[in-house]
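Each chain is listed here by its residues.
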Amino acid sequence: VSSSLGSPGAISDTLVKATPLILTGLACALAFRMRLWNIGAEGQLLLGAWGASAVVLFPILPAGTPAIIVIPAMMVGGALAGGAWGFIPGVLRAKLGVNEIIVTLMLNYIALLFVQYWVFGPWSEGGFQQTGVAIAVPKGRPQALIYATAFLEAAKKDGTVRRAFDAAGLRELE
């Protein structure tokens, strides 16, 4: 409890991390009340985060724009991107009768890979300070292992990465 509510900084960090989850839960609750099963809220959250980031990283607004303008623009960009992602299964359900549970579940993975592409690709090269671990993938290994670097980065500090690389027969590039 003290690490989440013990100081003003901890409370702020808790609110920053909890707010998107709470808002995503409220969005799901609205859909569930209409008996629509939106399993794709995770993908919509990811694309919303991408849309908000894109406002700044593309740069849609000129440099030096005041925060009072940038923050609402990021909120609008996030809402548009997340809404557009939710529009896909809605159209497929309405026009083709496709099961929205299956579509939204599959779109979650597409959204994750799309965001990872931007974070570890073009935005990383443009100075975005969130880069993955470079690994050598032996021939015959699936190319999807490259995406696993995003998850391995978090465990790098405690030695978990070394054990994972050893188990998978990979070596970390220096």
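Data block above holds the structure.
Residues numbered from 1 in each chain as written. Predicted model: local features only at pLDDT ≥ 70, side-chain atom pairs only at ≥ 80, totals over all residues. Heavy atoms only, no water.

Below, the discussion takes up the overall build of the protein chain. Summing up its helical and strand segments, the protein chain has 8 helices and 2 strands in all. Along the protein chain, helices and strands appear, N-terminal first, in the series α-α-α-α-α-α-β-α-α-β. In the protein chain, buried positions account for 26% of the 174 residues. For the protein chain, long-range pairs separated by at least 24 residues make up 55% of all intrachain contacts whose partners lie at least 6 apart in sequence. Roughly 11700 Å² of accessible area belongs to the protein chain as shown, and the carbon and sulfur atoms make up 69% of that amount. (Helix = DSSP H or I, 4+ residues; strand = E, 2+ residues; numbered from the N terminus. Buried < 20%, exposed > 50% of the residue type's maximum accessible area, 1.4 Å probe, protein only. Contact = heavy atoms within 4.5 Å. Areas by Shrake-Rupley, 256 points an atom, 1.4 Å probe, with all protein chains shown as cover.)

For the rest of this paragraph, the subject is the nonpolar core. Within the largest apolar cluster, 12 residues are counted, these being Leu47, Trp50, Ala54, Ala81, Trp85, Val103, Leu107, Ala111, Val115, Trp118, Val119 and Trp123. Broken down by secondary-structure element, the contributors of at least two residues to this core are helix 3 (41-57), helix 4 (67-96) and helix 5 (100-120). No other element matches helix 5, which puts 6 residues into this core. (Core = buried A, V, L, I, M, F, W, Y, C linked by side-chain atoms within 4.5 Å.)

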